[in-house]
Amino acid sequence: MDWYSTLIGGLIGFISSIGTLIVERLLNQKGKINLYAKIVYEHQYGKNTWGFWNFEDEIALNVPIWIEFQNLSNSTRVMRNVNLLLYKDGNRQQELCQINRSGDGEKKFDFANDGSYSFVIEPRSIQKYDCHFSLKQSMRIAESFDEIKLRYFDEKDKEHILHLGSVNGNWKVGDFPRSGEWIKLKSKVKIY
């Protein structure tokens, strides 16, 4: 009878430790990721902000942007394949190209995470990255667009899409309006 009590006590202790580990893991994952964005001037020359530029004898849409990830959880989070998408009347039109590096020689600069647009965000941390997205007019699918959204995939490969800005995507050279402020990205927030 004594061994039976010991066995039951051990089993209860084992089950409670597993339960404690499960609850602790769930609590560590609780918390969210906040994304902030700031439209900036392009890195190499510092004279253009987001909008349409003349580039190698054609017009290109360029978006130089700082993206800040705020991890409020106690676990490491993954933000994979961060990119910008063009929309027209609520319908997805096209992805932009992620620019990995610019310049040459001494003025060489790697964007994002050493040229990668996937990020590992440590627990309870804030990390900022200098990113650049572009699309040449000859590569466009639609004649125009009216919204730009930011997309990423999390550690569970779930797609997240956040509103970056409503713009007049008419492919005429010129900058889009910008506030120069950090904006928290949500499902429907303007960046300017």
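Quick caveat, the model's predicted, so the values are computed rather than measured.

1. Digging into the packing of aromatic side chains
- Considering all chains together, one arrives at eleven aromatic pairs under this definition.
- Three or more aromatic residues joined by ring pairs form one cluster here, namely Trp-50, Phe-52, Phe-145, Trp-171 and Phe-176.
- Above the ring of Trp-66, the side-chain terminus of Lys-128 is found at 3.7 Å from the ring centroid.
- Over the ring of Tyr-87 we find Lys-149; its NZ or CZ atom is 4.3 Å from the centre of that ring.

2. Description of the confidence of the model for the protein chain
- When pLDDT is averaged across the protein chain, the result is 86; 84% of the residues are at 70 or more.
- Across residues 188-192, confidence stays below pLDDT 50; counting only partners more than four residues off in sequence or on other chains, it has 23 contacts.

3. Some details on the pairing of strand E3 (residues 58-71)
- The buried count for E3 comes to twelve of 14 residues, which makes it a mostly enclosed element.
- Here seven bridges tie strand E1 (residues 33-39) to E3, and the two strands are oriented antiparallel to one another. Directly across from Leu-35, in E3, lies its bridge partner Phe-69.
- In the sheet, strand E2 (residues 51-55) pairs with E3 via five bridges, with the strands oriented antiparallel. Opposite Phe-55, over in E3, you have Glu-58 as the bridge partner.
- In sequence, E2 turns back onto E3 through a hairpin of two residues, with Glu-56 there showing a positive phi of about 50 degrees.

4. Topic: the side chain of Ser-134
- Its place among the elements puts Ser-134 in strand E10 (residues 125-136).
- For Ser-134, the side chain forms a polar contact with the side chain of Asn-62, separated by 2.9 Å.
- When neighbours within four sequence positions are excluded, Ser-134 is seen to be in contact with Ala-60, Leu-61, Asn-62, Leu-96, Cys-97 and Ile-99.

5. Some thoughts on unusual backbone geometry
- Although it is not a glycine, Asp-114 sits at a positive phi angle of roughly 55 degrees.
- Turning to its location among the elements, Asp-114 is positioned in the loop between strand E8 (109-110) and strand E9 (119-121).
- For Asp-157, which is not glycine, the phi dihedral falls at a positive 65 degrees.
- Look at Asp-157 and you get partly exposed, because its relative accessible area is 48%.

6. Quick look at the environment of Asp-157
- Among the structural elements, Asp-157 can be located in the loop between strand E11 (145-153) and strand E12 (159-169).
- Side chain to side chain, Asp-157 and Arg-80 meet in a polar contact 2.3 Å long.

7. Let's talk about the pattern of salt bridges
- In total, this model carries eight salt bridges according to the counting rule given.
- Taking the shortest distance from any N to any O, the salt bridge between Glu-56 and Lys-136 comes out at 3.5 Å. A residue pair is termed long-range when its members are at least 10 positions apart, and Glu-56 in the loop between E2 and E3 and Lys-136 in strand E10 qualify at 80 residues.
- Note that Arg-80 is salt-bridged to Asp-157, the shortest N-O span being 2.3 Å. Taken together, the residues span a long stretch of sequence, with Arg-80 in strand E4 (residues 77-88) and Asp-157 in the loop between E11 and E12 at a distance of 77 residues.
- Judged by its relative accessible area of 32%, Arg-80 is partly exposed.
- Each of the salt bridges in this network shares a partner with another, and the network as a whole consists of Arg-92, Glu-95, Arg-151 and Glu-159.

8. Digging into the pairing of E2
- Bridge analysis of E2 against strand E13 (residues 174-175) gives two bridges, and the strand direction is antiparallel. When the sheet's bridge partners are listed, Phe-52 is paired in E13 with Gly-174.

About the criteria used
- Residues numbered from 1 in each chain as written.
- Predicted model: local features only at pLDDT ≥ 70, side-chain atom pairs only at ≥ 80, totals over all residues.
- Heavy atoms only, no water.
- Phe/Tyr/Trp six-rings, centres within 6.5 Å; stacked < 30°, edge-to-face > 60°.
- Lys NZ or Arg CZ within 6 Å of the ring centre and 35° of its normal.
- pLDDT = per-residue confidence, 0-100.
- Contact = heavy atoms within 4.5 Å.
- Buried < 20%, exposed > 50% of the residue type's maximum accessible area, 1.4 Å probe, protein only.
- Helix = DSSP H or I, 4+ residues; strand = E, 2+ residues; numbered from the N terminus.
- Pairing = 2+ DSSP bridges.
- Polar contact = N/O pair within 3.5 Å; in protein donor to acceptor, adjacent residues only side chain to side chain.
- Salt bridge = Lys/Arg side-chain N within 4 Å of Asp/Glu carboxyl O.

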